[in-house]
Amino acid sequence: MKVIKIWLLFQLIISGIYAQSGQFVPNEEYFKSVFARVVSGEFPATANGLLIVKNSAGKEVLLDFQGNSANLFLQEDPDSIYDVSWKKYSAYTTSGKTKVGYTTYAMANYLEITTGSQTFSLGGIDGACDSIINGLSYDYAAEKEAEYLILAVQKEIRLLAEDRKSHLLLLPNSTLVFAVKR
């Protein structure tokens with residue numbers, strides 16, 4: 001009888017872990033980057049694309065990237081529990097007024113947009129490191145001298161400000177491509 005109770009408790013715990021809802025969904029695979037096992041370094045890149053955002057007041061704003069300077073910074077994880085490093089991509093819009101950052105670690109990702117003095121973010125890099133942002137697809141393509149990270153917004157994604165009072169909505173059909181020199 002004790003074994004059955006322990007088994008049932010175990011099943012409830014496991015069910016609770018995978019019954020999460022909201023902005024995150026479990027990811028079955030690691031990010032398929034050529035930089036996956038690189039421990040540290042900084043790599044020059046460019047960014048191209050268009051992010052469509054709606055602010056808290058309902059105003060739609062276009063954030064464009066036209067071959068802008070960008071980079072990939074690999075920060076070593078000295079403990080290397082889930083991954084050897086954090087992969088931190090960053091780029092400024094063509095106007096230079098807005099910065100976009102995208103980070104991966106193990107099976108998790110994190111997105112932030114800084115405009116003016118406010119930073120809006122959403123991410124699941126925490127204890128388990130196994131959640132990705134729901135509605136944000138990513139893909140990697142590589143050639144001899146470069147790797148491309150393609151981020152595409154499939155459904156509306158809500159990014160919260162640090163004060164948790166305002167937000168940005170990242171709208172579907174937004175796409176951002178980082179071209180990183182290898």
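Residues numbered from 1 in each chain as written. Predicted model: local features only at pLDDT ≥ 70, side-chain atom pairs only at ≥ 80, totals over all residues. Heavy atoms only, no water.

A. Expanded view of the side chain of threonine 98. The residue threonine 98 is located in strand S5 (residues 98–105) in this model. Assessed through its relative accessible area of 5%, threonine 98 is described here as buried. With sequence-adjacent residues up to four places away left out, threonine 98 is seen in contact with Leu63, Ala91, Tyr92, Thr93, Ile113, Thr114 and Thr115. (Helix = DSSP H or I, 4+ residues; strand = E, 2+ residues; numbered from the N terminus. Buried < 20%, exposed > 50% of the residue type's maximum accessible area, 1.4 Å probe, protein only. Contact = heavy atoms within 4.5 Å.)

B. Structural detail: the side chain of asparagine 68. Within the fold, asparagine 68 resides in strand S3 (residues 60–76). Residue asparagine 68 is classed as buried on the basis of its relative accessible area of 10%. In terms of polar contacts, asparagine 68 uses its side chain to reach the backbone carbonyl oxygen of threonine 93, at 3.1 Å. Aside from chain neighbours lying at most four places away, what touches asparagine 68 is Ala45, Thr46, Ala47, Tyr92, Thr93 and Thr94. (Polar contact = N/O pair within 3.5 Å; in protein donor to acceptor, adjacent residues only side chain to side chain.)

The values reported here are purely geometric and, on their own, carry no functional implication.
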